[in-house]
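A look at the structure
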Amino acid sequence: MTALPFPLAEAPDEITAERGRKLFAGESVFVKGVVAMSGLPPADRLEVCFAGRSNVGKSSLINALTGTKGLARASNTPGRTQEINYFTQGPDLFLVDLPGYGYANAPVPVVEKWQRLLKQYLSGRQTLRRAFVLIDARHGVKPVDEEIMTLLDTSAVTFQAVLTKADKVKAKDRDRVLNQVRGVLAKHPAAYPEIVLTSSEKGDGIATLRSIIATLA
Ligand SMILES: Nc1nc2c(ncn2[C@@H]2O[C@H](COP(=O)(O)OP(=O)(O)OP(=O)(O)O)[C@@H](O)[C@H]2O)c(=O)[nH]1
Ligand SMILES: [Mg+2]
């Protein structure tokens, strides 16, 4: 029997959990919002970014990871994050909150400008260690997500799928979505072979994700 591809990430062992705790016990500070590649901060440390459709919960996840409620601006209004927002996490790591994609309810030139920037960033940032691609646990992977995954394949940036809003989905629906996500990931060579299930609201998966990031940093 072959193991199920793309299993859920297991809870970390004690040592790894401690690394995650330690990293995120450090201070988190907003650095800047970037609107053009030329505005990126110096590439003097590793970074991980949070990508995903508008409203999927990117900013909320950063707030949950850092334990700082108002750090990244989260909102019910899709399209809230319109810049690439940089945060430090301790001295050696940037957390990068990206503008959501797939949000059509803004003037076309504005959307195109974000999308262009997003694509330039995802394919051209040397210090980007991993992209977390957030997927709503209720909805699964949409065509726009696949576009981003394909871009990451061609840029050779490892990405890891993170299901969000786990608190909003029943186990049966979640398992159906998980299988859909697995089917898609199997087609993407840059996909990291583990999925993280999270709830920024309830805290599920947050310690696991902290440890995953700590092992990269
Ligand atoms: N129930 C629940 N709601 C969540 C969770 N994470 C985010 N939300 C809600 O989803 C909405 C969008 O969250 P954001 O974190 O602003 O989403 P985003 O991906 O940063 O959105 P953009 O910046 O517009 O791309 C907010 O109303 C959050 O409160 C979660 O784990 N559970
Ligand atoms: Mg946001």
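Residues numbered from 1 in each chain as written. Chains lettered and ligands numbered in written order. Predicted model: local features only at pLDDT ≥ 70, side-chain atom pairs only at ≥ 80, totals over all residues. Heavy atoms only, no water.

Considering the pairing of strand β5 (residues 128–136)
With respect to burial, β5 is a largely interior element, eight of its nine residues being buried. Two elements, β5 and strand β6 (residues 159–164), share six bridges in a ladder whose sense is parallel. Along β6, the bridge assignment pairs I135 with L163. Handedness of the crossover is the feature at issue here: the chain leaves β5, passes through helix α4 (residues 143–155), returns alongside β6, and the resulting connection is right-handed. (Buried < 20%, exposed > 50% of the residue type's maximum accessible area, 1.4 Å probe, protein only. Helix = DSSP H or I, 4+ residues; strand = E, 2+ residues; numbered from the N terminus. Pairing = 2+ DSSP bridges. Right-handed = clockwise from strand over helix to strand, strands pointing away.)

Some points on the pattern of salt bridges
Counting across every chain of the model gives eight salt bridges. A salt bridge links R138 to D136; the nearest nitrogen and oxygen atoms lie 2.8 Å apart. Residue D136 is classed as buried on the basis of its relative accessible area of 6%. Here K187 makes a salt bridge to E146, at a shortest N to O gap of 4.0 Å. Here K187 is found in the loop between α5 (171–185) and β7 (196–197), whereas its partner E146 is found in helix α4, with 41 residues between them in sequence. The class of E146 is partly exposed, set by a relative accessible area of 25%. (Salt bridge = Lys/Arg side-chain N within 4 Å of Asp/Glu carboxyl O.)

Regarding the site of ligand 1
Within the structure, ligand 1 sits among 23 residues, and K58, S60, G79, T81 and D167 are positioned closest to it. One of the side-chain N or O atoms of S54 is found 3.3 Å from an oxygen atom in ligand 1. The contact in question runs from an oxygen atom of ligand 1 to an N or O atom on the backbone of S200, over 2.8 Å. Notes on ligand 1: free accessible area 660 Å², of which the protein chains cover 89%. Here the shell around ligand 1 is composed, by residue class, of three nonpolar, 13 polar and seven charged. (Near = heavy atom within 4 Å. Polar contact = N/O pair within 3.5 Å; in protein donor to acceptor, adjacent residues only side chain to side chain. Areas by Shrake-Rupley, 256 points an atom, 1.4 Å probe, with all protein chains shown as cover. Nonpolar A, V, L, I, M, F, W, Y, C, P; charged D, E, K, R; others polar.)

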